[in-house]
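Each chain, written out:
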Amino acid sequence: MATIFNSLPLFSIFIIQLIVLSSAGGGFTVDLIHRDSPKSPFYDPSASRTDRLTNAVRRSFTRAASHSRKQNCLAPNNIQSEIIPASGEYLMKISIGTPRFQVLVIADTGSDITWTQCKPCKNCYKQKAPLFDPKQSSTYRALTCTTRACQAAGASSSCRQDKNICQYSESYGDRSFSRGDLAVETFTFASSSGQALSFPTKVFGCGFSNAGTFNESASGIIGLGGGPLSIVRQLSKVINGKFSYCLVDLESSSTSKIKFGEDAVVSGKGVVSTPIVKKEIDTFYYLTLESISVGNKRLAHKTKLPSETGSTFKGEEGNIIIDSGTTLTFLPVDLYETMEDELVKAINKKYTADPQRFFSLCYSDTSIVPPALTFNFKGGAKVVLPPSSTFVLNGDLLCLAMVPTNDLAIFGNLSQMNFLIGYDLEKSVLSFKPTDCLKQ
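Residues numbered from 1 in each chain as written. Predicted model: local features only at pLDDT ≥ 70, side-chain atom pairs only at ≥ 80, totals over all residues. Heavy atoms only, no water.

A. Representation of the nonpolar core. Ranked by internal contacts, the top residues of the largest apolar core, which has 65 residues, are I322, M339, F377, Y423 and F432. Here F432 is in contact with G270, V271, V272, T274, L287, I322, F377, V383, F411, F419, L420 and I421, once residues within four sequence places are set aside. Of all hydrophobic cores here, the second largest spans 20 residues; its members include L104, A149, C166 and A218. (Core = buried A, V, L, I, M, F, W, Y, C linked by side-chain atoms within 4.5 Å. Buried < 20%, exposed > 50% of the residue type's maximum accessible area, 1.4 Å probe, protein only. Contact = heavy atoms within 4.5 Å.)

The following block contains the structure:
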């Protein structure tokens with residue numbers, strides 16, 4: 001039976017591919033492609049929908065664990081890029097060096113340092129495309145240990161004393177890692193005016209030792225986080241600290257866009273905004289979730305959680321992060337349980353267990369129409385999520401795509417589907433606008 005859930009995306013990885021689009025103010029445009037889309041180089045035609053969901057959910061838990069570890073370890077005018085749906089990350093085609101060398105990298109709002117595999121690679125994962133050779137680029141320059149960029153890398157950097165070269169080390173929740181030299185290089189993007197846009201002396205990591213679960217179609221990562229070394233921050237004067245994206249569902253043959261600069265401003269009817277909260281871990285985009293409503297009922301929940309849980313959701317500001325690379329939404333246990341109890345009452349149907357034990361609430365009757373969930377963020381930003389953004393088909397079951405956690409709360413990308421989401425880092429504001437992303 002066809003339902004509103006048949007076209008749900010299995011968000012977890014997205015691929016950004018540069019294309020040229022018209023824009024009055026200039027800039028560049030990139031496709032964001034879901035890794036499970038037929039347009040993706042990751043696409044596996046033999047994989048079933050359930051297979052893709054299972055893989056996406058596993059990556060989601062791994063990514064959430066990685067973010068929690070980082071959280072608990074306290075230490076041109078307009079640019080536009082195209083977006084298409086995938087599973088756990090985003091990929092982006094950019095060019096680095098002189099002459100230009102094209103690489104396909106995972107675009108990640110939960111990371112800062114941009115890196116790519118480089119020659120000579122002593123310990124590298126298998127990669128289909130050739131590796132970047134810094135010796136062939138006239139604009140490559142390794143950074144010394146006393147540079148500001150090296151200091152800005154903080155705990156992710158160290159010094160190779162024999163050559164006075166700053167080195168970086170990035171680790172991820174699934175034990176994947178990248179290590180190498182921190183350097184500056186020219187980054188080139190496709191321009192929406194048809195001209196290539198080049199940005200010299202941008203900091204990135206030249207990875208000589210990289211291993212883990214990276215897909216062989218990708219060469220590395222481009223960091224879109226809030227830290228000083230992210231590409232968003234490095235381009236801040238060009239894009240005025242602004243970018244936005246709109247995520248379409250997996251089954252769509254269309255692309256959506258990630259925009260940078262003044263064209264990324266989210267405005268008009270239906271826009272709601274909430275403050276981005278600055279915290280010690282500046283990579284993440286923290287928001288303040290005040291409550292959740294099931295249908296028209298706003299739920300009460302505890303404002304304090306036991307300190308031993310390590311949860312960030314204690315009623316304080318910045319108690320949840322928004323992350324484009326995590327599929328599911330992770331909520332504090334008490335808030336999740338209150339919400340689930342109310343959903344069970346509202347749906348009033350027999351629920352069943354998920355045999356894979358990923359999801360806490362599932363129904364064998366996939367024709368049910370759950371009530372809308374409203375996430376009430378600080379500043380009166382009521383983000384109303386339709387059932388197609390909160391429940392997902394899991395084989396023969398319909399399951400709530402939100403899970404409880406005792407660690408970092410995360411507003412995942414499935415909940416962001418069909419919203420135009422704008423980041424204004426100068427004003428520290430994030431905006432939501434319900435949008436048909438196919439029309440963007």
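Still to come is the rest of the account.
B. The arrangement of the state of the cysteines in detail. Scanning all chains against the criterion turns up six disulfides. Across a sulfur-sulfur distance of 2.1 Å, C118 and C206 are joined as a disulfide pair. Linking C118 and C206, the disulfide has an S-S dihedral of approximately -110 degrees and is accordingly described as left-handed. A residue pair is termed long-range when its members are at least 10 positions apart, and C118 in the loop between β6 (115-117) and β7 (141-142) and C206 in strand β11 (residues 197-211) qualify at 88 residues. Per residue, the accessibility class of C118 equals that of C206, and both read buried. Across the disulfide, C150 is cross-linked to C166 (sulfur-sulfur distance 2.2 Å). Sign of the S-S torsion, about 85 degrees for the bond between C150 and C166, identifies this disulfide as right-handed. Linking C150 in helix α2 (residues 148-152) with C166 in strand β9 (residues 165-171), this pair joins segments that are 16 residues apart in sequence. Overall, C150 belongs to the buried group, its relative accessible area being 4%. (Disulfide = S-S within 2.5 Å. Helix = DSSP H or I, 4+ residues; strand = E, 2+ residues; numbered from the N terminus.)

C. The arrangement of the sheet that holds strand β17 (residues 289-294) in detail. Taking strand neighbours across the sheet as the criterion, the four strands line up as β18-β17-β22-β23 in an open arrangement whose pairing is antiparallel. The strands lining the two open edges of the sheet, one partner per strand, are β18 (297-298) and β23 (381-385). When strand β22 (residues 373-377) meets β23, the two strands line up antiparallel, connected through five bridges. Of the residues in β23, the one forming a bridge with T374 is V384. On top of the sheet, helix α5 (residues 333-347) reaches β17, β18 and β22; it is set at about 15 degrees to β17, its chief contact. (Pairing = 2+ DSSP bridges. Axes fitted to C-alpha atoms, helices over the stretch in contact; angles between N-to-C directions.)

D. Seen up close, the environment of L373. Residue position: L373 is located in strand β22. Residue class for L373 comes out buried when judged on its relative accessible area of 0%. Distance in space between the C-alpha atoms of L373 and P387 is 7.7 Å, their sequence separation being 14 residues. Contact partners of L373, with chain neighbours within four places excluded, come to S293, V294, M339, L343, V383, V384, L385, T390, L400 and M402.

E. Representation of the pattern of salt bridges in the model. According to the stated counting rule, one finds eight salt bridges in the structure shown. Between R298 and E290 there is a salt bridge; the shortest N-O distance is 3.9 Å. Using a relative accessible area of 44% as the deciding quantity, one classes R298 as partly exposed. Of the residues examined, E290 reaches a relative accessible area of 38% and is grouped as partly exposed. Of the charged contacts, one joins K378 and E317 as a salt bridge, the two residues approaching to 1.9 Å between their closest N and O atoms. Here E317 lies in the loop between β18 and β19 (320-322) and K378 lies in the loop between β22 and β23, a separation of 61 residues in the sequence. (Salt bridge = Lys/Arg side-chain N within 4 Å of Asp/Glu carboxyl O.)

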